[in-house]
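A closer look at the structure
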Amino acid sequence: MSGPVESNTAHAASDHNDGHPPRLRDLGPFLKTRISSLRPPRDVQVENPLIALRLLNKKQWLFFLVAFAGWTWDAFDFFTVSLIASRIAEDLHRTVSDITWGITLVLMLRSVGAVIFGLLSDRYGRKWPFIANSAMFIALEIGTGFVQTYPQFLAVRALFGVAMGGIYGNCAATALEDCPQSARGVISGMLQEGYAVGYLLAVVFNRALTYNTPHTWRSLCWFGAGPPVLIILFRLCLPETDAYLLQKSSNETKTRKEFLQTAKHSFKFYWHIMAYMVILMAGFNFMSHGSQDLYPTMLTVQLGFSANKNTVTMVIANLGASIGGVFFGHYSEFLGRRLAILIACVIGGALIYPWAFIRNNGIMAAVFFLQFMVQGAWGIIPIHLSELSPPALRAFIVGMAYQLGNLASSASSTIESTIGSRFPLGDDNASGTVLKYNYGKVMAIFMGCVFVFVIIVTLLGPENHHQKITMGESDEGPVSEKHESDVGHYDSV
């Protein structure tokens, strides 16, 4: 690398004039620019997010909405089993721990879905793989409602993992590819928070159906099969994204063998960027799971919250998450992706103490702002990963990085519970068995470590802020082919 780095949006052609990401042999000079590259450009003016959103035309809004719906229902399907685990265990005559193995299976097999549906989306388009993915949700939700044995439950959840793993990369590509460049940050934040909306919907419909219908938890599963039908009909009414059609027109003479060669070429030049993205996603998933998974347990067991107060607290947390994702997603357009993530993590670290140790109603504000920061950082991820990925394999790489990071963090609850055994509160029953542990202290230690990890990985990592993520693109989205390389260009690092 040579030459000064003016900003994280500056064109670094002198550094990477071959169009490829930074190579390992350039690691030393690259690391020297990690601090200076955080400086926002001097001439950037902060805009109202509503102004950016007005740039989207009708078709771009429809692409966002169908992607948001798909990602939201993926989250709904995932959280329903967590919410009804005890009832499933009772019906199948198993322990709750046995049922949670179904959740572990989902996390393990989501990477398989990311590979299958990611490659299909990059090869054959965004539309039909999305529809096939959603059709799997319908069949498997209905199947979950009819399971009668534990092996049947595990088999259905294993297939669910494949279906869930395939949707994220496709949704990110569908929502962001055709989006005007200046609106991508806020759209990224809005898309990511479909995850929080999915959780809220799961809580609401669980309370409405599981507790008020004769088939209890099975009713919730059968209900979950309904909305994907509407999502499929919605997607059938929309064409392929303009970005994919441009890519297809430039590659229309490519055979399957040539597509695989392009994929191989992308892996050759991007393998270290892919590895970095997986490490980053592991940290982010530890951050979200570490701040969410044991928190309801802490509220109920340690603080004595009622079921209703527990629900209200978690709803407030997810409202904070939704607002934070949109806020930081938008302002990452002006601050840069890495700087915005760092700001969210530093402030989030400062909020650990009130979030974990307040014992009155002030905990509502603490959990709101802690999740505002955690999911604020998450709101930047869809566009950050998209900008780092090669155009020819965008759906595959984004989905794969996310799901492998998810897999790496799947043990977060086990880690926290294991640490928790070292901090008993001394509330023993007559037999001397410890009934309570200091989950607040455990989560504070865990989240402190995770925030530091994410800060270090983000600070030392690459950034491709405002990279044109499609072939032939203007600020209004992809308009004409410019014969860019299939593996993309790193305009900044």
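Here we summarise the structure given alongside this text. (Residues numbered from 1 in each chain as written. Predicted model: local features only at pLDDT ≥ 70, side-chain atom pairs only at ≥ 80, totals over all residues. Heavy atoms only, no water.)

Focus on the packing of helix 13 (residues 295-302) against helix 14 (residues 307-335)
Closest axis-to-axis distance for the helix 13/helix 14 pair is 10 Å, and the angle between their directions is 150°. With respect to helix 14, the element helix 13 is oriented roughly antiparallel. In this structure, helix 13 meets helix 14 at a crossing whose hand is right-handed. Side by side, helix 13 and helix 14 meet where Tyr295, Pro296, Leu299 and Thr300 of the first sit next to Asn310, Thr313 and Met314 of the second. (Axes fitted to C-alpha atoms, helices over the stretch in contact; angles between N-to-C directions. Helix = DSSP H or I, 4+ residues; strand = E, 2+ residues; numbered from the N terminus. Parallel < 35°, antiparallel > 145°, perpendicular 65-115°, else oblique. Left-handed = near helix turned anticlockwise from the far one by under 90°. Contact = heavy atoms within 4.5 Å.)

What about the side chain of Asp178?
Along the chain, Asp178 falls in the loop between helix 6 (150-176) and helix 7 (184-192). Despite being buried, Asp178 has no salt bridge partner; Lys59 is the closest side chain of opposite charge, sitting 5.3 Å away. A polar contact of 2.9 Å, which involves the side chain of Asp178, links it to the backbone nitrogen of Ala243. (Buried < 20%, exposed > 50% of the residue type's maximum accessible area, 1.4 Å probe, protein only. Lys, Arg positive; Asp, Glu negative; His and termini not counted. Salt bridge = Lys/Arg side-chain N within 4 Å of Asp/Glu carboxyl O. Polar contact = N/O pair within 3.5 Å; in protein donor to acceptor, adjacent residues only side chain to side chain.)

Looking at empty space enclosed by the protein
Unfilled space is identified by rolling a water-sized probe across the atoms. Within the structure shown, the criterion is met by 2 cavities of 30 Å³ or more. Each pocket or cavity is described by its volume, and for the largest cavity that value is around 60 Å³. Around the largest cavity sit Gln192, Tyr195, Asn285, Ser288, His289, Gln375, Trp378, Tyr402 and Asn406, which together line it. Residue assignment for the lining of the largest cavity shows that the elements contributing at least two residues are helix 12 (256-292), helix 17 (363-378) and helix 19 (394-408). At 3 residues, helix 12 tops the list of elements feeding residues into the lining of the largest cavity. Taken together, the residues of the lining of the largest cavity break down into 3 nonpolar, 6 polar and no charged. (1 Å grid on protein atoms, 1.4 Å probe; cavity = no way out; pocket = protein on both sides within 12 Å on 5 of 7 lines; lining within 4 Å. Points joined across faces, edges and corners; volume = space filled by probe spheres on them. Nonpolar A, V, L, I, M, F, W, Y, C, P; charged D, E, K, R; others polar.)

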